[in-house]
Each structure stands twice: as C-alpha cells, then as structure tokens.
Amino acid sequence: MRLTNRSTLGSGLFMMLRANRSTQSSGPSTRGGSSGRSRAAASRRAMMAMMVFFFLTQTGCWEQVSVEWFPQMKWQIAVQAFELNPYQDRIGLFSPPEGTVPVGWGDVIVASEYTPAEQEAFVNPNRATLASLKNGESYFNTNCTACHGPTGGGDGPIAAPRGPIAGVLPIGPGSPLGFSLAPGLTDGHIYTTISLGRGRMPSYRRIPPDARWDVVNYIRDLNGQGGR
Ligand code: HEC
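A brief structural summary. (Residues numbered from 1 in each chain as written. Predicted model: local features only at pLDDT ≥ 70, side-chain atom pairs only at ≥ 80, totals over all residues.)

## Thoughts on the overall build of the chain
Thinking step 1. On a plain count of helices and strands, the chain comes out with seven helices and zero strands.
Thinking step 2. Along its sequence from the N terminus, the chain presents helices and strands in the succession α-α-α-α-α-α-α.
Thinking step 3. Within the chain, the fraction of its 228 residues that count as buried is 20%.
Thinking step 4. By sequence separation, contacts in the chain at least 24 residues apart represent 51% of the contacts at least 6 residues apart. (Helix = DSSP H or I, 4+ residues; strand = E, 2+ residues; numbered from the N terminus. Buried ≥ 20, exposed ≤ 12 C-beta atoms within 10 Å, placed from the backbone. Contact = placed C-beta atoms within 7 Å.)

The following block contains the structure:
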C-alpha cells in the first residue's frame, strides 16, 4: 500500500517536471506562431489537471500512510484490542498455567473454602501500622464509601434514603442510627465480607487480599479500636 503510494507520487512529480520543461522550450521565440502558444497552453492545462488530480488523490491516501518507521512490533500476529480473536475456541492457550497467581496474591486465603466458623476466626496478619492504615483508607475510600459513607456510618451517597441501596449497615461512626456494627464483628468476619460479599453487599475481591486486611485495620481505626 505504502510503496504503491510513493511510486505513484514519484512518477506524478516526474511527469510534472517533464511537462514543465517542455513548456519552457516551446516558447514563441523558438517555435513562434499561435499553434505553439495554444499547444503550450494545452500542456499547461494538462499539467494543472494532473497537479490537481495528484493533489486530490495523493493527499487522500497520504493520511493512511503510517508515520511509524518500524511498525513490525505493532503489526504482529498477536490479537489486538477489540479485534476478533480467531482462536476463541482454543481457550486453553489463553489461560495461565495451573497454580498461577497474580503478583502479590501468593498464599491467599480462599475464604470460600472455609466454614463460617473458621472464617470468623481468621487472624489478621497485618499490624495496624501507619502504612497499613493509609493503604486501608485509600481502598476504603475507593470501594466502600459510596455505600458506607466516608466514616462508615452507612450514609454514603448511594445508600438509602439518598440513593437506591437500602439497608447499608453502619460499620463506623456517624451513623444516623446511632451505632456501628464493626466493634462486634471479628476481623475474619470483615475480611470475608469484603472477599465474598454478604447479603445484599457484593464481593470486593478486586481488592488484593493483603490490602483487605489493611481495610480491616482502617475500619478498626474508624471505630476507635486501633491506634495510629
Ligand atoms: C454497593 C454498596 C456497598 C458497598 C460499596 C460496600 N458495602 Fe458493605 N454492606 C452493604 C450492605 C447493603 C450491607 C448489608 C448486607 C446485608 O446484611 O444484607 C453491608 C454490610 C457490610 C458489613 C457488615 C456485614 C455484617 O455481617 O453485618 C461490613 C463489615 C461491610 N459491609 C464492609 C464493607 C467494606 C469493607 C466495603 C468496601 C470494601 C463495603 N462494605 C462496601 C453495601 C455495600
């Protein structure tokens, strides 16, 4: 595609140069007469027509020419974003080998493999350091405040009565109901609530497991149950 474009453009320029030279040499002093002039005018017109033609066609195509110099890395056979995957039926090629875990997700407790009683008894491996609380705060603000509110009072913008999610339970101070549930919940209970969801609350397993424990620490801090 590109080569064709360049070569047509090249030959176009070449023909224009030739046309130009022939107009100069066929001036009235050498040839004379009206036929020479009209031939010169005709060849000028032809040249103009050709220039217009090439201007219109070449600029149109020019936009499609890649400005990348070595695009081989980009134009590889890998499936590109939004491209139809020709190997959809061969899903095995795309699943990671068995036992693969995302970076930072090693040794994860898979909460659903434990009984409710065992889940309640999970021990928080993260101490409530400032770093842990900061990390927990960040995840809490991103994932929890929409429903539970900035201090966990159950008064987030999408919680009833302001929003559509009814029955968001208070897990921090500031609740219109005047109490927080969190002090009565074990660390394991909060961790598994984040991991698996509970009742009408969806799972937030998108939060890396280690950071879930930081969120637990942060909730403790919100409730005055852990020191900064
Ligand atoms: C989409 C709204 C929503 C979001 C976001 C949300 N929750 Fe909840 N949460 C709820 C609702 C609703 C309940 C009450 C669940 C029930 O008992 O049906 C609840 C209950 C809880 C409970 C109490 C569970 C119990 O057994 O009483 C905890 C703890 C909790 N959420 C923690 C969190 C944490 C931590 C986050 C952020 C990672 C979070 N929630 C994000 C809606 C939400």
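Additional details are given in the paragraphs that follow.
## Quick notes on the site of the ligand
Thinking step 1. Cys144, Cys147, Gly199, Arg200 and Met201 are the nearest of the 21 residues found near the ligand.
Thinking step 2. Taken together, the elements giving at least two residues each to the shell around the ligand come down to helix 5 (145-148) and helix 6 (187-196).
Thinking step 3. In terms of residue class, the shell around the ligand is built from 14 nonpolar, five polar and two charged. (Near = placed C-beta within 6 Å. Nonpolar A, V, L, I, M, F, W, Y, C, P; charged D, E, K, R; others polar.)

## Digging into the packing of helix 4 (residues 130-143) against helix 7 (residues 209-222)
Thinking step 1. Packing of helix 4 against helix 7 brings their axes to within 7 Å, and their N-to-C directions diverge by 95°. With respect to their mutual orientation, helix 4 and helix 7 come out roughly perpendicular. Here helix 4 contributes Ser132, Leu133, Asn135, Gly136, Glu137, Tyr139 and Phe140 to the contact with helix 7, which in turn contributes Ala211, Asp214, Val215, Asn217, Tyr218 and Asp221. (Axes fitted to C-alpha atoms, helices over the stretch in contact; angles between N-to-C directions. Parallel < 35°, antiparallel > 145°, perpendicular 65-115°, else oblique.)

## What to know about the nonpolar core
Thinking step 1. Ile190, Tyr191, Ile194, Val215, Val216, Tyr218 and Ile219 are the most contacted members of the largest nonpolar core, which has 21 residues in total.
Thinking step 2. Counting residues per element, the ones that place at least two in this core are helix 4, helix 6 and helix 7.
Thinking step 3. Not counting residues within four places of it along the chain, the set of residues in contact with tyrosine 218 comprises Leu133, Gly136, Glu137 and Phe140. (Core = buried A, V, L, I, M, F, W, Y, C linked by C-beta atoms within 7 Å.)

## A look at helix 7
Thinking step 1. Taking 1.5 Å of rise per residue, the 14 residues of helix 7 would be expected to cover 20 Å, and the 20 Å separating its terminal C-alpha atoms lies within 8% of that figure.
Thinking step 2. The buried count for helix 7 comes to 11 of 14 residues, which makes it a mostly enclosed element.
Thinking step 3. Looking at the buried positions of helix 7, the neighbouring elements they touch are helix 4 and helix 6.
Thinking step 4. Downstream of helix 7 by a residue or two, glycine 224 has a phi angle that is positive, lying close to 70°. (Expected span 1.5 Å × (residues − 1).)

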